[in-house]
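# Observations on chain architecture
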Amino acid sequence: VQLQASGGGLVQAEGSLNLSCAASMRYFNLYDMAWYRQAPGKQRELAARIFSGGTTDYADSVNGRFTISRDNAKNTVYLQMNSLKSEDTGVYLCNACLKGFCDRSSYWGRGTQVTVSS
């Protein structure tokens, strides 16, 4: 399984970015997908998650500003980030785990850097 994240960059506060994660596995529709982020000096945290059935889940800090979606035909998950704040700065990483087995193993891609200037 390979996960390729893209779409990061430098943006001013209140701006927007749209991240993409292209996945290589078969049966992408059976995987729960998530975006994590890690700010400098801080632990990695879950930003948003979309389950194989389409249900979504967000961290309180991004709820209402970020939207996660998936296109199963393209094996891709997206993270639309609006009203960005300086505290959203960090490396954003894509994660995938097979439904029903997420407590056993998951896959990580290389991250994409998001920098929000105030």
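Now for unusual backbone geometry. Not every positive phi belongs to a glycine, and Y27 is a case in point at roughly 55°. Mapped onto the secondary structure, Y27 falls in the loop between β3 (17–23) and β4 (31–38).

With that settled, the discussion passes to the packing of aromatic side chains. All chains considered together, the criterion is met by one aromatic pair. Ring geometry for Y36 against W108: centres 4.9 Å apart, planes inclined by 65°, an arrangement best described as edge-to-face. With a gap of 72 residues between them, Y36 in strand β4 and W108 in strand β10 (residues 107–108) connect regions that are remote in the sequence. Look at W108 and you get partly exposed, because its relative accessible area is 37%. The ring of F28 is capped by R70, whose NZ or CZ atom sits 4.7 Å from the centre of that ring.

About the criteria used
- Residues numbered from 1 in each chain as written.
- Predicted model: local features only at pLDDT ≥ 70, side-chain atom pairs only at ≥ 80, totals over all residues.
- Heavy atoms only, no water.
- Helix = DSSP H or I, 4+ residues; strand = E, 2+ residues; numbered from the N terminus.
- Phe/Tyr/Trp six-rings, centres within 6.5 Å; stacked < 30°, edge-to-face > 60°.
- Buried < 20%, exposed > 50% of the residue type's maximum accessible area, 1.4 Å probe, protein only.
- Lys NZ or Arg CZ within 6 Å of the ring centre and 35° of its normal.

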